[in-house]
Structure formats: C-alpha cells, structure tokens
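Here are the chains, one letter per residue:
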Amino acid sequence: MRVEIHGHRGARGLWPENTLPGMSRTMELGVHALEFDVALTADRRLVLTHDLTVSAVTSADTRPVTPDDPAFPYVGKPINSLTLAQLRTLDVGVRFPRHPQDPFALTQVAMPDTRMPTLGAVLGLVNAYQAGSVRLHIELKSDPTRPALSAAPEEFAELVLDELDRHGRLHNAAILSFDWRIISRVAELAPDVRRFALIELDTLDWNGPLGDDVPAAARAAGATTLSPEHVMVDERLMAQAAAAGLDVAVWTVNDPALGARMLDLGVSGIVTDYPDRMRELWRERGHELPEPVGPLKPVGV
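So, here is what we can say about the structure in this document. Note that the structure is a prediction, hence the values are computed from the model and not measured. (Residues numbered from 1 in each chain as written. Predicted model: local features only at pLDDT ≥ 70, side-chain atom pairs only at ≥ 80, totals over all residues. Heavy atoms only, no water.)

**Some details on the overall build of the chain**
Rule in force here: Numbered from the N terminus, helices here are DSSP runs of H or I no shorter than four residues, and strands are runs of E no shorter than two. We compute the radius of gyration from the C-alpha atoms alone; for a globule the expected value is 2.2 Å times N to the 0.38, where N is the number of residues. Burial classes: relative accessible area under 20% of the type maximum marks a residue as buried, over 50% as exposed, and values in between as partly exposed (1.4 Å probe, protein chains only). For this analysis, residues touch if any pair of their heavy atoms sits within 4.5 Å. Throughout, the Shrake-Rupley method with a 1.4 Å probe supplies accessible areas, and for residues the shown protein chains are the sole cover considered. The charge count includes Lys and Arg as positive and Asp and Glu as negative, but it does not include His or the ends of the chains. Note that the charge is assigned to NZ on lysines, CZ on arginines, CG on aspartates and CD on glutamates.
Within the chain, the regular secondary structure consists of 10 helices and nine strands. In summary, the chain has a C-alpha radius of gyration of 19 Å against a globular reference of 19 Å for 301 residues, a match within 12%. Expressed along its principal axes, the backbone C-alpha trace of the chain runs to roughly 60 × 45 × 45 Å. Put simply, the chain has 301 residues, and 54% of those count as buried. Sequence-distant contacts, at least 24 apart, represent 66% of the contacts inside the chain between residues at least 6 apart. Carbon and sulfur atoms form 52% of the exposed surface of the chain, whose accessible area is close to 12,700 Å². On the chain, the mean spot of the 29 positive side-chain charges and the mean spot of the 41 negative ones are 4 Å from each other.

**A short note on the nonpolar core**
As a reminder of what qualifies: To define a nonpolar core, start from buried Ala, Val, Leu, Ile, Met, Phe, Trp, Tyr and Cys residues and group those joined through side-chain atoms within 4.5 Å.
Ranked by size, the top nonpolar core spans 65 residues in total, and within it Phe 36, Val 160, Ile 175 and Trp 180 carry the most contacts. Apart from the residues within four sequence positions on either side, Phe 36 is in contact with Arg 9, Asn 18, Met 23, Leu 48, Leu 119, Val 122, Leu 136, His 137, Ile 138 and Glu 139. Counting 11 residues, the second largest nonpolar core, distinct from the first, contains Val 54, Tyr 74, Leu 90 and Met 116.

**Some thoughts on the packing of helix H1 (residues 20-29) against helix H4 (residues 119-128)**
How we decide: To obtain each axis, a line is fitted to C-alpha atoms, and for helices this fit is confined to the stretch in contact; angles are then taken between N-to-C directions over 0 to 180 degrees. When describing relative orientation, an angle under 35 degrees is termed roughly parallel and one over 145 degrees roughly antiparallel, while 65 to 115 degrees is termed roughly perpendicular and anything else oblique. Two helices that cross are described as forming a left-handed crossing if the nearer one is turned anticlockwise from the farther one by less than a right angle, and a right-handed crossing if clockwise. Polar here means any residue other than Ala, Val, Leu, Ile, Met, Phe, Trp, Tyr, Cys and Pro, which are nonpolar, and Asp, Glu, Lys and Arg, which are charged; Gly is therefore polar.
Across the interface, H1 lies against H4 with an axial gap of 10 Å and an inter-helix angle of 30 degrees. Of the possible angle classes, the one that applies to H1 and H4 is roughly parallel. The chirality of how H1 crosses H4 is right-handed. Residues Leu 20, Met 23, Ser 24 and Met 27 of H1 lie in contact with H4, whose contacting residues are Ala 121, Val 122, Leu 125 and Val 126. When its residues are assigned to classes, the contact of H1 with H4 shows seven nonpolar, one polar and no charged.

**Some details on empty space enclosed by the protein**
Over the atoms, a rolling probe the size of a water molecule traces out where space has been left empty. This is how the line gets drawn: Only protein atoms enter the 1 Å grid, on which a cavity is a set of points fitting a 1.4 Å probe that cannot get out and a pocket is an open set with protein on both sides within 12 Å along at least 5 of 7 lines, lining residues being those with an atom within 4 Å of a point. Grid points are joined across faces, edges and corners, and a volume is the space filled by probe spheres set on the points.
On inspection of all chains with the given rule, the structure shows three cavities of 30 Å³ or more. Computed from the structure, the largest cavity encloses a volume of approximately 130 Å³. Lining of the largest cavity is provided by 14 residues; of these, Leu 48, Thr 49, Thr 58, Ser 59 and Met 116 occupy positions nearest its centre. Considering only residue class, the lining of the largest cavity consists of five nonpolar, seven polar and two charged.

**Points about the environment of Ser 24**
Turning to its location among the elements, Ser 24 is positioned in helix H1. In this structure the C-alpha to C-alpha distance between Ser 24 and Pro 295, which are 271 residues apart in sequence, comes to 7.7 Å. Apart from residues no more than four positions distant in its own chain, Ser 24 is found in contact with Leu 125 and Tyr 129.

**Some points on the packing of helix H6 (residues 180-189) against helix H7 (residues 214-221)**
The contact between H6 and H7 brings their axes to 8 Å, and the two run at 45 degrees. Classified by the angle between their axes, H6 and H7 sit oblique to one another. Facing H6, whose interface residues are Trp 180, Ile 183 and Ser 184, H7 presents Val 214, Ala 217, Ala 218 and Ala 221. Among the residues forming the contact of H6 with H7, the class breakdown is six nonpolar, one polar and no charged.

**Remarks on the layout of surface pockets**
Roughly 380 Å³ of internal volume is contained in the largest pocket. At the level of elements, strand E1 (4-8), strand E2 (33-40), strand E4 (135-140), strand E5 (173-177) and strand E6 (194-199) are the ones that each hand at least two residues to the lining of the largest pocket. Of all the elements, E4 adds the most residues to the lining of the largest pocket, at three residues. Of the residues in the lining of the largest pocket, the class split is 10 nonpolar, nine polar and nine charged.

Have a look at this one:
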C-alpha cells in the first residue's frame, strides 16, 4: 500500500510555516502533499494563516499600511477584520518570541521579511515548479464556536474551489477542515475532490453528536479521508475507518518511533512538521519516497 508524507504547513519544523519560501523548500525536499491553512480577509482575499487572529508567534508588525491607520498594530487582530494590504506588512518569516518552550524556534531556519502569501500565489508557485506530483492539501480555517471570526462555510468552500479551478489544480488537491459543513459543501460542489475530515478530542463536538463511530459520521458528512490527531489512532478507530471506506491520514507526527507505530496501524498518510525525518523512516521501511521537485531555473536556462 502507498503511504504518503504530508508536509505540515509546508514543513513548520524546518522553515517558516505557510510561506512561499517554506513551500519552495519543502517541494525541493520531497513530499507527497503540501498541507497549509487558509482564511478570508476583510477584502475577501484568501491568505495563508493557521490562526483566525494574527498570531504573535508567527507574525510581527513592521509598519502600518498608511501612517494613520487606526487598526495598527495588526498582531492580535482578527484576520477577517484586516485587508490583504494590512496583512502584507507583517513579517511572517521569524517565530516570535524565540524561546526554548517553542520547539520550532530551535529548528526552523528564520527568513526575515517574508510576507503572508495569498492562496493564488501558492498555486502559482506550485505551477511554476511544475510540481504535478505534489498534491495540495488546503485546510479551511473555520470555527463554528467563533462565527464572528470565521467565513461563512459555504461561501468559503466555493471561493477556494474557484481559485483551485482558476489555476488548474482541482484535480490534484484536497480540502481539509475541522468544520464538516465545509466538507459537506465541497462534496456537493466538487465530488471528485478529496475531502479530509479533521478530528481531535477538543473539537469533536463542533459537528454535533457523532456517536461511537466517528469515521461513519465523517463518511456521512461527505469525507473521503479521516484525519485524526495521533492520540486518537488505535486499532478500533482504524477498523471503523476501514468499515466506513475511509483512509486515515494522521497528524501531527514528528517522532520517527511514533511514525513507525502509525505505519504499523495501517495509516495511509502521516502529516509532519519534519518531512526529512519521515523520509528517513520511509527509507528504513522500504516505502516509496516522494520525488524532490527541482528548484526554479532562471528564464532561458
């Protein structure tokens, strides 16, 4: 069985998350799929960000977009209250604050002056790399318990699918969300697109009472893959997923020993902040390794 390596937020342990340089280097390292997060701005632009408010860990203010902008500083403000121009002033290439309690600050290569990209820019980058072998796993950030911070799920799904279609990437993409209203909408609009129902213990109640068979509930919501936090994965969950006809892609696995246990349980994919570590595990296990995508070449070369 083919087992996949999915780079989490690009490769958060190695390079700044949800950024163009991080995605470039992750493709050059070699993954089966690039996973990243999107949210909607005040001016209805799709941008890469894990948080619904501007994170003080991954973002730093540099300047206001205009000298008298009353919204400045932007860190801590809702993403959907800020325009793309405001968000593009942020430096998202260095983790702040850098301290030992943040494991990624210790392993991530800082890339100062990196800006928050749009979904369209990422799709353009992947197409420029001619990375047809790399699937794009797009998590739509939506929290039903915080509707004021979240885009309407139906509209959000439509905007992302439209952008994928515009860049010719619908055939090689997957939509991920903890908010299964998005999964259901994508199933209606684009039934051929893969749909990952994300689950974790803290947010299981987001999608109503799911009963004792969460994979069956995910299937009923329109999912094609179940994507649980690794602490939830055991023989029983794997058996239920198989009965529901769902593959299981587990997140976020950074320890090779844990990765080996997940492989032994039969997962179809591992989401990791450190694709380099998983590539070593794949070599040890004799699994098919994803091919690195060559760096961009200057025009005319």
